[in-house]
Amino acid sequence: MDDGLLRRLRVEQARALLDHADPQHAVMLACDLLVAGIEGEAVVALAAESSRTMPTHDADRHLAAIIAELGLPELDLSTAVALVAADTSERILDRSIPAEVGAHGLYVVGYEGSRLDDLLPAVTALASRLEDDLDGRADDDLRTQLATLARTVLHRTTADDRAA
(Lines give C-alpha, C1' and ligand atoms only; values in the text may rest on other atoms or scores of the structure.)
Protein backbone atom coordinates (compact mmCIF):
# COMPACT_ATOMS: atom_id res chain seq x y z
CA MET A 1 0.00 0.00 0.00
CA ASP A 2 1.39 3.42 -0.88
CA ASP A 3 2.11 6.01 1.80
CA GLY A 4 -0.81 8.24 0.84
CA LEU A 5 -3.32 5.43 1.13
CA LEU A 6 -1.83 4.26 4.42
CA ARG A 7 -1.99 7.80 5.78
CA ARG A 8 -5.66 8.11 4.80
CA LEU A 9 -6.39 4.81 6.54
CA ARG A 10 -4.56 5.93 9.66
CA VAL A 11 -6.40 9.29 9.68
CA GLU A 12 -9.77 7.55 9.54
CA GLN A 13 -8.59 5.12 12.21
CA ALA A 14 -7.64 8.15 14.33
CA ARG A 15 -11.01 9.82 13.73
CA ALA A 16 -12.74 6.63 14.85
CA LEU A 17 -10.62 6.55 18.01
CA LEU A 18 -11.27 10.19 18.93
CA ASP A 19 -14.89 10.45 17.81
CA HIS A 20 -16.21 8.73 14.68
CA ALA A 21 -14.92 8.08 11.21
CA ASP A 22 -16.61 9.89 8.36
CA PRO A 23 -18.72 7.28 6.51
CA GLN A 24 -18.14 8.96 3.15
CA HIS A 25 -14.37 9.05 3.62
CA ALA A 26 -14.35 5.48 4.94
CA VAL A 27 -16.28 4.06 1.95
CA MET A 28 -14.14 5.99 -0.55
CA LEU A 29 -11.02 4.76 1.23
CA ALA A 30 -12.22 1.16 0.99
CA CYS A 31 -12.88 1.63 -2.74
CA ASP A 32 -9.39 3.07 -3.19
CA LEU A 33 -7.93 0.12 -1.26
CA LEU A 34 -9.70 -2.24 -3.67
CA VAL A 35 -8.31 -0.36 -6.66
CA ALA A 36 -4.83 -0.69 -5.10
CA GLY A 37 -5.29 -4.46 -4.95
CA ILE A 38 -6.06 -4.77 -1.25
CA GLU A 39 -9.08 -7.06 -1.46
CA GLY A 40 -9.66 -8.51 2.01
CA GLU A 41 -13.16 -9.35 3.23
CA ALA A 42 -13.32 -6.29 5.48
CA VAL A 43 -12.28 -3.96 2.65
CA VAL A 44 -14.87 -5.44 0.29
CA ALA A 45 -17.58 -5.22 2.97
CA LEU A 46 -16.93 -1.52 3.60
CA ALA A 47 -16.64 -0.69 -0.11
CA ALA A 48 -20.09 -2.24 -0.65
CA GLU A 49 -21.73 0.08 1.91
CA SER A 50 -23.66 3.23 1.08
CA SER A 51 -21.82 6.26 2.43
CA ARG A 52 -25.09 8.18 2.59
CA THR A 53 -26.98 5.74 4.79
CA MET A 54 -24.26 4.02 6.82
CA PRO A 55 -24.25 5.10 10.48
CA THR A 56 -20.94 6.38 11.84
CA HIS A 57 -20.64 3.50 14.31
CA ASP A 58 -20.80 1.06 11.37
CA ALA A 59 -18.00 2.99 9.63
CA ASP A 60 -15.97 2.71 12.84
CA ARG A 61 -16.63 -1.02 13.05
CA HIS A 62 -15.71 -1.63 9.40
CA LEU A 63 -12.50 0.39 9.75
CA ALA A 64 -11.53 -1.59 12.85
CA ALA A 65 -12.03 -4.80 10.86
CA ILE A 66 -9.81 -3.49 8.05
CA ILE A 67 -7.11 -2.45 10.52
CA ALA A 68 -7.21 -5.92 12.09
CA GLU A 69 -7.26 -7.64 8.70
CA LEU A 70 -4.17 -5.70 7.61
CA GLY A 71 -2.42 -6.35 10.93
CA LEU A 72 -1.87 -2.67 11.65
CA PRO A 73 -1.28 -1.66 15.27
CA GLU A 74 -3.70 0.46 17.24
CA LEU A 75 -2.89 4.16 17.44
CA ASP A 76 -1.96 5.85 20.69
CA LEU A 77 -4.01 8.91 21.60
CA SER A 78 -1.20 11.41 20.94
CA THR A 79 -0.61 10.05 17.43
CA ALA A 80 -4.34 10.03 16.70
CA VAL A 81 -4.61 13.68 17.73
CA ALA A 82 -1.66 14.65 15.55
CA LEU A 83 -3.10 12.79 12.53
CA VAL A 84 -6.55 14.36 12.84
CA ALA A 85 -5.18 17.84 13.56
CA ALA A 86 -2.85 17.66 10.54
CA ASP A 87 -5.59 16.35 8.25
CA THR A 88 -8.01 19.03 9.44
CA SER A 89 -5.33 21.67 8.89
CA GLU A 90 -4.67 20.45 5.36
CA ARG A 91 -8.40 20.61 4.64
CA ILE A 92 -8.57 24.14 6.04
CA LEU A 93 -5.71 25.25 3.82
CA ASP A 94 -7.04 23.61 0.65
CA ARG A 95 -10.54 24.86 1.54
CA SER A 96 -12.09 21.41 1.19
CA ILE A 97 -13.90 22.12 4.46
CA PRO A 98 -15.47 25.44 5.45
CA ALA A 99 -13.54 27.58 7.91
CA GLU A 100 -16.40 27.16 10.37
CA VAL A 101 -15.98 23.38 10.36
CA GLY A 102 -12.20 23.60 10.49
CA ALA A 103 -12.18 25.96 13.47
CA HIS A 104 -14.21 23.50 15.52
CA GLY A 105 -12.33 20.50 14.12
CA LEU A 106 -9.08 21.78 15.56
CA TYR A 107 -10.45 21.41 19.10
CA VAL A 108 -8.91 17.95 18.83
CA VAL A 109 -5.60 19.52 19.92
CA GLY A 110 -7.01 19.71 23.46
CA TYR A 111 -7.15 15.95 24.05
CA GLU A 112 -5.23 14.79 27.10
CA GLY A 113 -1.75 13.71 26.12
CA SER A 114 -1.75 15.78 22.95
CA ARG A 115 1.61 17.24 21.92
CA LEU A 116 -0.40 20.15 20.50
CA ASP A 117 -2.40 21.04 23.61
CA ASP A 118 -0.62 24.39 23.96
CA LEU A 119 -2.52 25.45 20.80
CA LEU A 120 -5.91 24.97 22.49
CA PRO A 121 -6.18 28.63 23.66
CA ALA A 122 -5.69 29.80 20.06
CA VAL A 123 -8.31 27.34 18.79
CA THR A 124 -10.72 28.39 21.53
CA ALA A 125 -10.19 32.09 20.79
CA LEU A 126 -10.92 31.59 17.07
CA ALA A 127 -13.97 29.40 17.70
CA SER A 128 -15.31 31.84 20.30
CA ARG A 129 -14.84 34.77 17.94
CA LEU A 130 -16.56 32.80 15.20
CA GLU A 131 -19.58 31.97 17.34
CA ASP A 132 -19.83 35.05 19.58
CA ASP A 133 -18.78 37.87 17.28
CA LEU A 134 -19.45 36.55 13.79
CA ASP A 135 -22.67 34.58 14.39
CA GLY A 136 -21.07 31.40 13.08
CA ARG A 137 -19.95 32.84 9.72
CA ALA A 138 -16.23 33.25 9.17
CA ASP A 139 -14.98 36.52 7.74
CA ASP A 140 -11.73 37.02 5.82
CA ASP A 141 -9.80 37.97 8.95
CA LEU A 142 -10.86 34.81 10.77
CA ARG A 143 -10.03 32.69 7.71
CA THR A 144 -6.56 34.25 7.63
CA GLN A 145 -6.00 33.60 11.33
CA LEU A 146 -7.30 30.04 10.96
CA ALA A 147 -4.95 29.42 8.01
CA THR A 148 -2.03 30.67 10.10
CA LEU A 149 -3.00 28.31 12.92
CA ALA A 150 -3.40 25.43 10.44
CA ARG A 151 0.12 26.07 9.10
CA THR A 152 1.43 26.04 12.68
CA VAL A 153 -0.25 22.67 13.31
CA LEU A 154 1.22 21.25 10.11
CA HIS A 155 4.67 22.58 10.94
CA ARG A 156 4.51 21.05 14.41
CA THR A 157 3.17 17.69 13.27
CA THR A 158 5.70 17.49 10.44
CA ALA A 159 8.50 18.29 12.90
CA ASP A 160 7.17 15.55 15.21
CA ASP A 161 7.19 13.08 12.29
CA ARG A 162 10.81 13.92 11.48
CA ALA A 163 11.84 13.54 15.12
CA ALA A 164 10.14 10.14 15.47
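What counts as what
Residues numbered from 1 in each chain as written. Predicted model: local features only at pLDDT ≥ 70, side-chain atom pairs only at ≥ 80, totals over all residues. Heavy atoms only, no water. Helix = DSSP H or I, 4+ residues; strand = E, 2+ residues; numbered from the N terminus. Expected span 1.5 Å × (residues − 1). Contact = heavy atoms within 4.5 Å. Buried < 20%, exposed > 50% of the residue type's maximum accessible area, 1.4 Å probe, protein only. Axes fitted to C-alpha atoms, helices over the stretch in contact; angles between N-to-C directions. Parallel < 35°, antiparallel > 145°, perpendicular 65-115°, else oblique. Left-handed = near helix turned anticlockwise from the far one by under 90°. Nonpolar A, V, L, I, M, F, W, Y, C, P; charged D, E, K, R; others polar. Polar contact = N/O pair within 3.5 Å; in protein donor to acceptor, adjacent residues only side chain to side chain. Salt bridge = Lys/Arg side-chain N within 4 Å of Asp/Glu carboxyl O.

Novice: Tell me what's going on with helix H4 (residues 56-70), and back it up with residues and numbers.
Specialist: When the terminal C-alpha atoms of H4 are compared, their 21 Å separation across 15 residues agrees well with the 21 Å that a helix rising 1.5 Å per residue should span. Of the surrounding secondary structure, the elements contacted by the buried residues of H4 are helix H1 (3-18), helix H2 (23-35) and helix H3 (41-47).

Novice: Break down the environment of Ala48 for me, citing the residues and quoting the values.
Specialist: Topologically, Ala48 is positioned in the loop between H3 and H4. Classification of Ala48 by relative accessible area gives exposed; the value is 66%. C-alpha of Ala48 to C-alpha of Val81: the two residues are 33 residues apart in sequence and 29 Å apart in space.

Novice: Break down the packing of H1 against H4 for me, with residues and values.
Specialist: For any two helices packed against each other, the geometry is given by the interaxial angle and the distance between the axes. Interhelical geometry of H1 versus H4 gives an angle of 130° and a closest axis separation of 10 Å. The angle between the axes of H1 and H4 places the two elements in the oblique class. Helix-helix and strand crossings are classified by hand; for H1 and H4 the assignment is left-handed. Between H1, through Leu9, Glu12, Gln13 and Ala16, and H4, the contact on the second element is made entirely by Asp60, Leu63, Ile66, Ile67 and Leu70. Taken together, the residues of the contact of H1 with H4 break down into six nonpolar, one polar and two charged.

Novice: Describe in detail the side chain of Asp87, supporting the description with residues and values.
Specialist: Checked against the element boundaries, Asp87 lands in helix H5 (residues 77-93). On the basis of relative accessibility, which here comes to 8%, the residue Asp87 falls in the buried class. At a separation of 2.7 Å, a polar atom in the side chain of Asp87 contacts the side chain of Arg91. The contact partners of Asp87, leaving out residues within four places of it in the chain, are Arg7, Val11 and Arg15.

Novice: Residues and numbers for the pattern of salt bridges, please.
Specialist: Here the structure, examined in full by the defined rule, presents ten salt bridges. Asp118 serves as the salt-bridge partner of Arg156, at 2.8 Å between the closest nitrogen and oxygen. Here the residue Arg156 occupies a position in helix H8 (residues 140-163), and Asp118 occupies one in the loop between helix H6 (99-105) and helix H7 (120-133), the gap between them amounting to 38 residues. As a salt-bridge pair, Arg143 and Asp140 come within 3.4 Å of each other at their nearest N and O atoms. Of this pair, Arg143 and Asp140 both sit in helix H8, three residues apart, which is roughly one turn of the helix. Assessed through its relative accessible area of 61%, Asp140 is described here as exposed. In this structure, a network of salt bridges that share partners links the residues Glu12, Arg15, Asp87 and Arg91.

The values are spatial; any link to function lies outside them.
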